[in-house]
Amino acid sequence: MTSQRSRNRLTDQLREMGITSETVLAAIGNTPRHIFVDEALASRAYDNTALPIGHNQTISQPYVVARMTEALVNGNRMDKVLEIGTGCGYQTAILAQLARQVYSIERINALLAGARERFHTLRYRNVKARYGDGNKGWPEQAPFQGILVSAAPTSVPETLPQQLAIGGRLIIPIGRSGAQQLLCITRTDDGFKKKNLDMVSFVPMLQGRG
Ligand code: SAH
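Residues numbered from 1 in each chain as written. Predicted model: local features only at pLDDT ≥ 70, side-chain atom pairs only at ≥ 80, totals over all residues. Heavy atoms only, no water.

Enquirer: I'm lost on the layout of surface pockets in this one. Help?
Expert: In this approach, a probe sized like a water molecule rolls over the atoms, and the result shows the empty space that is left. The volume enclosed by the largest pocket comes to roughly 510 Å³. In terms of lining, the largest pocket is formed by 35 residues, of which the most central are Q57, G85, S150, A151 and V203. Sorting the residues of the lining of the largest pocket by element identifies β2 (57-59), α3 (62-73), β3 (78-84), α4 (90-96) and β4 (99-106) as the ones contributing at least two each. Per-element tally for the lining of the largest pocket: the top contributor is β2, with 3 residues. Its residues placed into classes, the lining of the largest pocket shows 18 nonpolar, 13 polar and 4 charged. (1 Å grid on protein atoms, 1.4 Å probe; cavity = no way out; pocket = protein on both sides within 12 Å on 5 of 7 lines; lining within 4 Å. Points joined across faces, edges and corners; volume = space filled by probe spheres on them. Helix = DSSP H or I, 4+ residues; strand = E, 2+ residues; numbered from the N terminus. Nonpolar A, V, L, I, M, F, W, Y, C, P; charged D, E, K, R; others polar.)

So, in structure tokens, the structure goes:
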């Protein structure tokens, strides 16, 4: 149930749902999602669904991870990427296979500790994860080619677009729980360009540390 066959079934499903980036599909096919969830849920790890990870949080649905990653990467090899909301670290692990260096911020220490352990076990050496409030971004490491936010604020935190490189993209769900709009904000030479992607459902992005 945690075999390569179940992973291939998942990537086939994502392809049918419209994911076209072969690099994103390969990253999902290579990543042992069962390591990122509780053992009791391992048999459902390759279902295309969100699952609980404790502390009232969830591991995102694989389709949403694929969709957001595809929009972020947009066919490019990324240099530095920032993720807000490490959670169990699954989305981080996907990004680690597509970017030179991944920075990730989590506000719940216990989740961060679990994610760090997995990065170590699975040898994702290009990930730096820290405890903090993602609303502030990671100014010491800016600018980023991409910023991906895995929790939904009610409006775009001002600091995040400012930490994008020119041509960089911010993928972020905005709105109250139940009905959020996934946005792609691109930094251009003279400002920002906004595009609406899908409707999504994320846990809220909170203020301050947990
Ligand atoms: N990418 C994760 C999704 C986890 S759910 C995964 O694949 O598992 C969203 C995460 O965002 C939660 O762990 C939550 O604690 C975190 N979060 C919410 N608000 C935050 C904030 N202001 N700063 C950092 N992390 C935040």
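Enquirer: What am I meant to see in the packing of aromatic side chains here?
Expert: Two aromatic rings are characterised by how far apart their centres lie and by the angle between their planes. Taken as a whole and judged by the stated rule, the model has 3 aromatic pairs. Judged by centre distance (5.9 Å) and plane angle (65 degrees), the ring pair of Y103 and F144 falls under edge-to-face. Here Y103 is found in strand β4, whereas its partner F144 is found in strand β6 (residues 144-149), with 41 residues between them in sequence. Given a relative accessible area of 5%, Y103 falls into the buried group. Classification of F144 by relative accessible area gives buried; the value is 0%. An aromatic cluster of at least three residues, connected via ring pairs, comprises Y103, W138 and F144. In this arrangement the basic side chain of R33 is found over the ring face of Y90, its NZ or CZ atom lying 5.5 Å from the centre. (Phe/Tyr/Trp six-rings, centres within 6.5 Å; stacked < 30°, edge-to-face > 60°. Buried < 20%, exposed > 50% of the residue type's maximum accessible area, 1.4 Å probe, protein only. Lys NZ or Arg CZ within 6 Å of the ring centre and 35° of its normal.)

Enquirer: How should the nonpolar core be read in this particular structure?
Expert: One recurring pattern in soluble globular proteins is that nonpolar side chains are buried together. If you look at the biggest cluster of nonpolar residues, it comprises 50 residues, and the most contacted ones within it are L14, I28, I59 and Y90. If you tally residues by element for this core, the top one is α3, at 8 residues. Of all hydrophobic cores here, the second largest spans 18 residues; its members include L82, F144, L170 and I172. (Core = buried A, V, L, I, M, F, W, Y, C linked by side-chain atoms within 4.5 Å.)

Enquirer: Help me out: how do you make sense of the environment of L82 in this one?
Expert: In this structure, L82 sits in strand β3. Considered as a pair, L82 and T58 are 24 residues apart in the sequence and their alpha carbons are 19 Å apart. In this structure, L82 is in contact with Y103, I105, G137, W138, F144, G146, I147, L148 and Q163, ignoring residues within four places of it in sequence. (Contact = heavy atoms within 4.5 Å.)

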